[in-house]
Amino acid sequence: MSETKTSNSGEFGTATAPEQKKNWIEIQLIDEQRKPVANMPYMADNDPTYKGEKPASYNGVSDANGVIRIEEIPRCTLILKIQAQPLADEMEQRPLNTEQRMSSETRKMNGFGVDEETGCIIYHVVIGNLCDKAPAMPWWDEQYKQHNKYVWGKEGEINEYQDEQERQYQSEHKISHYPEYHFPDPEFSGLKIAALHFNARVLVEICPFRSWNLLLHNTKNYSMVNAYNQGLMANLTYSNSDDFFRFFNGFMDLSSIPNLGNGRQLFYPVVIDVPFSKSYKGAVFLDTAELLKDTPQIGGTAFFTNDNKCMEFADTQIFYIYGDDDVIVGWRGSQEFQDWLSDFTFRPIVTSTRIDDSKVPQQLLPEGFVHKGFWDAFSIAKYVFSREFKFLIDQINKTDSGHKTLYICGHSLGGALSLIHATELKAWNPILYTYGMPRTFTVSAIKNMAEIVHYRHVNDADMVTFVPPEAKLDNDLYDYFGTFFGFIASLTQWAYSKVVADSECFLHHGNVVVFFRAEQHYTCMGPSLDSDGGVYRKTQYVKALYDSSKFYLVPALDSGTYSQAEKRQSQYTRLFPPNANPDQDSFINPMHHLMGDKYIPFLNNQLLELCDPDREMQRKRKRERFINRIEPYKGPVTVCEDERQRNLLFSKMQEEMSGVLLISESAEGGKNALLRFKTFADEDEEL
């Protein structure tokens with residue numbers, strides 16, 4: 001018992017009060033799979049009193065069941081901390097609960113509720129809520145330093161102006177000294193457990209220390225997941241630097257999956273969760289127009305370099321993201337006027353042109369020609385960002401075994417630049433996926449590029465995939481009168497090539513993947529007016545059936561099966577000629593070219609259909625209705641039989657797509673990644 005002095009008459013006396021009751025608490029550390037987090041060294045103490053005194057401190061190690069039991073504690077808030085490094089190392093190896101993260105509700109970290117299974121109070125935390133300090137994160141420190149070295153070019157002492165500039169840059173791009181999701185409290189204040197939760201067991205569920213990475217496959221075979229994820233990266237190139245870094249930083253935030261939208265809906269990449277030490281180490285966004293905006297230009301189309309060389313101006317954007325195992329490069333397509341000028345500068349130049357001014361001569365290819373407009377756009381990026389391109393090579397080679405897997409992608413002009421870049425880096429065996437790209441190289445050059453893994457996606461009758469024409473388009477007017485008159489002369493050469501074959505014309509490279517809108521035509525008899533006698537006569541017409549359908553065709557999947565179904569290899573070759581576009585049922589249309597509005601929805605819908613074959617989808621209903629009308633056809637008119645056989649073949653090719661997910665499903669974390677995708681993804685309208 002203790003004595004307390006009291007008085008009600010102005011004189012102090014003594015009164016006896018009972019001792020304060022002591023409390024206990026059991027704290028069980030668990031992961032998202034509800035498995036115990038054992039052998040964690042902890043420190044705990046109570047909130048200071050109003051006098052600033054701490055009633056008590058406790059320390060120990062969680063037992064085999066992850067339980068920490070503390071007894072004889074006063075009834076004031078308990079602050080729990082765990083040694084940072086053991087906790088970070090352990091939680092890196094713990095997997096996420098996939099089903100738990102399928103909920104549309106965002107779980108509040110460092111909040112508490114009632115556990116449905118046990119009825120106990122449960123706290124949901126990230127490791128930063130528990131750590132006593134920051135764990136060693138050399139991979140994060142490296143990224144932090146790279147922004148110093150390659151964004152600001154700091155060497156030696158750091159002056160005040162550079163510090164302020166860097167703070168502004170980090171603020172704009174949400175770069176913090178610690179990853180914000182996992183370390184929301186930079187002061188490492190610990191987890192506060194309220195006194196009202198004492199005298200009971202409390203659960204502390206710890207989010208694994210992990211991040212998102214894109215699921216990508218180093219394979220020469222066609223991968224639907226590669227096509228979709230690299231397609232999203234090609235679309236990301238149209239973002240500004242702020243949106244790009246916002247997307248990139250989303251890989252570190254497990255509360256959601258980074259996404260891109262097209263105005264109608266959001267598209268979610270297929271991601272796997274990896275230990276945080278395996279997360280992407282950094283990202284670089286490059287824009288020649290931004291860098292050269294203050295550089296004096298000659299007539300708006302050229303500028304002088306530091307060594308007094310004249311280079312044609314080009315508005316070129318590129319980004320790359322690098323991690324321990326992968327490097328992802330994206331080139332932007334045609335958006336500004338200068339981009340379209342690059343597209344229509346048809347003049348070819350020899351591919352033996354030097355790539356840089358290093359002492360060792362480097363050749364792109366030993367023979368053939370490359371589109372001059374695309375080469376200029378590529379060369380300007382290489383010149384103004386020479387340091388960043390060197391850093392890219394360093395990152396590709398920065399591994400203990402061989403080199404990292406290199407993925408390159410691009411849409412439109414970006415596809416052409418991606419192909420040039422892949423050709424330059426072919427020694428690193430890049431995996432190249434392009435979308436709506438124009439022809440870039442001529443025949444002789446294409447013959448020397450067979451080893452490059454390249455899947456070229458074409459949305460039906462996308463106009464850009466038909467330029468430049470299959471012809472040799474060089475002429476002296478480019479030198480004497482400029483691009484406009486040279487272009488007019490190139491059109492004349494193209495018309496001439498339709499009569500006389502040219503051995504060094506522009507061709508496409510890679511395995512074609514076609515989003516083909518198929519129609520079925522039939523013959524019928526209709527009246528026509530005879531011009532001689534004014535008499536109506538019956539004339540045979542060819543019309544299209546009302547229904548049409550769009551197919552996702554990948555001839556490279558199994559050309560042997562397709563050619564056998566087609567009965568004759570020549571017919572198969574006719575449908576999918578090498579280095580060219582297949583004949584389309586649709587007219588050439590520039591509106592088929594848009595990446596976010598045309599290509600991404602079709603990629604998204606095809607992947608969603610493969611991941612969730614039982615889902616009702618409009619595209620499946622249209623395709624089934626189309627096939628049911630022509631197999632077997634019993635209508636009142638005569639259908640074009642060759643076309644009907646072609647469409648039935650397309651239907652079989654569509655069915656073959658079911659096998660392209662096997663590599664993704666067999667990858668570590670692949671099934672969970674596809675499950676996440678099908679949960680969040682919706683069918684978009686295929687316009």
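Residues numbered from 1 in each chain as written. Predicted model: local features only at pLDDT ≥ 70, side-chain atom pairs only at ≥ 80, totals over all residues. Heavy atoms only, no water.

A.B. asks: I tried to follow the overall build of the protein chain on my own but got confused; where do I start?
C.D. replies: Each helix and strand counted, the protein chain has 20 helices and 31 strands in total. For the protein chain, the proportion of its 687 residues judged to be buried stands at 53%. Of the contacts formed within the protein chain by residues at least 6 apart in sequence, a portion of 74% connects residues at least 24 apart. Here the protein chain displays about 32,600 Å² of accessible surface, and carbon together with sulfur accounts for 49% of that area. (Helix = DSSP H or I, 4+ residues; strand = E, 2+ residues; numbered from the N terminus. Buried < 20%, exposed > 50% of the residue type's maximum accessible area, 1.4 Å probe, protein only. Contact = heavy atoms within 4.5 Å. Areas by Shrake-Rupley, 256 points an atom, 1.4 Å probe, with all protein chains shown as cover.)

A.B. asks: Honestly, helix H20 (residues 670–680) in this entry has me stumped. Any pointers?
C.D. replies: Counting along an α-helix, one turn takes 3.6 residues, and residues three or four places apart therefore face a common direction. If you check which residues of H20 are buried, you get Gly670, Ala673, Leu674, Arg676 and Phe677. Down the axis of H20, the buried set is contained in an arc of 155°. They therefore lie on one face. The inward-facing, buried residues of H20 abut strand E12 (210–214), helix H4 (224–236), strand E15 (271–275), helix H16 (595–611) and helix H19 (662–666). (Arc of directions from axis to C-beta.)

A.B. asks: Help me out: how do you make sense of the pairing of strand E11 (residues 201–206) in this one?
C.D. replies: As a general feature of sheets, a regular strand has side chains that alternate between the two faces. In terms of burial, E11 is a largely internal element, 5 of the 6 residues being buried. Sheet analysis places strand E3 (residues 23–30) next to E11, joined by 5 bridges and oriented parallel. The partner of isoleucine 30 across the bridge, within E11, is glutamate 205. Here strand E9 (residues 121–125) runs beside E11; their pairing, made up of 5 bridges, is parallel. Bridge pairing links isoleucine 121 to valine 202 in E11. (Pairing = 2+ DSSP bridges.)

A.B. asks: Is there a simple way to explain helix H8 (residues 372–384) in this structure?
C.D. replies: In this model H8 runs 18 Å from its N-terminal to its C-terminal C-alpha over 13 residues, within 8% of the 18 Å that 1.5 Å per residue would give. Most of H8 is tucked away: 12 of the 13 residues are buried. For H8, the full list of buried residues reads Lys372, Gly373, Phe374, Trp375, Asp376, Ala377, Phe378, Ser379, Ile380, Ala381, Lys382 and Val384. (Expected span 1.5 Å × (residues − 1).)

A.B. asks: Got a minute to help me understand the sheet that holds strand E7 (residues 78–82) in this structure?
C.D. replies: Neighbouring strands of a sheet are bound in pairs by backbone hydrogen bonds; such pairs are parallel or else antiparallel. Ordered in space as E5-E4-E7-E10, the 4 strands form an open sheet in which the pairing is antiparallel. The two strands at the open ends of the sheet, each matched to only one other strand, are strand E5 (57–61) and strand E10 (191–193). Sheet twist, expressed as the mean angle between neighbouring strand axes with direction ignored, is 25°. Pairing between strand E4 (residues 41–46) and E7: 5 bridges, direction antiparallel. Across the sheet, the residue bridging to aspartate 45 is isoleucine 79, located in E7. (Axes fitted to C-alpha atoms, helices over the stretch in contact; angles between N-to-C directions.)

A.B. asks: Help me understand the side chain of glutamate 609 in this model?
C.D. replies: Structurally, the position occupied by glutamate 609 is in helix H16. On the accessibility criterion, glutamate 609 (12% relative accessible area) is buried. In this structure glutamate 609 touches Met617, Arg619, Lys620 and Arg623, once residues within four positions along its chain are discounted.

A.B. asks: Sorry, what's going on with the pattern of salt bridges here?
C.D. replies: Note on pairing: side chains with opposite charge can pair once their charged atoms come close. One pass over the structure, following the stated rule, counts 25 salt bridges. One salt bridge in this structure joins arginine 94 and glutamate 90, with 2.8 Å as the shortest N-O distance. By relative accessible area, arginine 94 is classed as buried at 13%. Lysine 390 is the salt-bridge partner of aspartate 394, the closest N and O atoms lying 3.5 Å from each other. Placement of the pair is aspartate 394 and lysine 390 together in helix H9 (residues 386–397), with a separation of 4 residues, close to one helical turn. (Salt bridge = Lys/Arg side-chain N within 4 Å of Asp/Glu carboxyl O.)

A.B. asks: Could you clarify how one ought to interpret the nonpolar core in this entry?
C.D. replies: In a soluble, globular protein the nonpolar side chains are often hidden away together inside. In this structure, Ile206, Tyr222, Met224 and Tyr552 are the most contacted members of the largest nonpolar core, which totals 102 residues. At 9 residues, H16 tops the list of elements feeding residues into this core. Excluding residues within four positions of it along the chain, tyrosine 222 makes contact with Ala227, Tyr433, Tyr455, His457, Val513, Tyr552, Val554, Leu557, Met657 and Val660. Tyr322, Val384, Leu406 and Leu507 belong to the second largest nonpolar core, which has 43 residues in total. (Core = buried A, V, L, I, M, F, W, Y, C linked by side-chain atoms within 4.5 Å.)

A.B. asks: For this particular structure, what's the right way to read unusual backbone geometry?
C.D. replies: Leaving glycine aside, a negative phi is the common case for residues, and trans is the common case for peptide bonds. Looking along the chain, the bond that leaves valine 467 and enters proline 468 is cis, with omega of -15°. Look at asparagine 429: it is not a glycine, yet its phi comes out positive at around 50°. Of note, asparagine 429 is situated in the loop between helix H10 (413–424) and strand E25 (431–435). Residues other than glycine seldom take positive phi values, yet aspartate 460 does so here, at roughly 50°. You can see aspartate 460 is positioned in the loop between strand E27 (453–459) and helix H12 (477–481).

A.B. asks: Hey, could you run me through the sheet that holds E9 in this one?
C.D. replies: An order of E6-E3-E11-E9-E8 is seen for the 5 strands of this open sheet, with the pairing classed as mixed. For this open sheet the edge positions go to strand E6 (67–73) and strand E8 (111–114), each flanked by a neighbour on one side alone. Strand after strand, the sheet turns through a mean of 25° between neighbouring axes, direction not considered.

A.B. asks: Looking at this structure, how should I read the confidence of the model for the protein chain?
C.D. replies: Keep in mind that low pLDDT regions are not for reading the predicted coordinates in detail. With 70% of its residues at a pLDDT of at least 70, the protein chain reaches an overall mean of 80. In the predicted structure, residues 1–9 sits below a pLDDT of 50 and forms 20 contacts with residues beyond four places in sequence or in another chain. (pLDDT = per-residue confidence, 0-100.)

A.B. asks: Teacher, can you tell me more about the packing of aromatic side chains here?
C.D. replies: We describe a pair of aromatic rings using the distance from one ring centre to the other and the angle between the two ring planes. Taken as a whole, this structure holds 30 aromatic pairs when the rule is applied. On the basis of an interplanar angle of 40° and a centroid distance of 5.4 Å, the ring pair of phenylalanine 244 and phenylalanine 285 is categorised as tilted. Remark: phenylalanine 285 occurs in strand E16 (residues 282–287) and phenylalanine 244 occurs in helix H5 (residues 241–249); sequence separation between them is 41 residues. For the pair phenylalanine 244 and phenylalanine 285, one class covers both residues: buried. A ring pair is formed by phenylalanine 515 and tyrosine 552, whose centres lie 5.0 Å apart and whose planes are at 40°; its orientation type is tilted. (Phe/Tyr/Trp six-rings, centres within 6.5 Å; stacked < 30°, edge-to-face > 60°.)

A.B. asks: I tried to follow the pairing of E7 on my own but got confused; where do I start?
C.D. replies: Burial within E7 is extensive, with 4 of its 5 residues counted as buried. As paired strands, E7 and E10 are joined by 3 bridges and run antiparallel to one another. Opposite isoleucine 79, over in E10, you have lysine 192 as the bridge partner.

A.B. asks: What is the right way to look at the environment of tyrosine 522 in this model?
C.D. replies: Structurally, tyrosine 522 is set in strand E29 (residues 511–529). Linking tyrosine 522 and cysteine 640, residues 118 residues apart in sequence, is a C-alpha distance of 5.5 Å.

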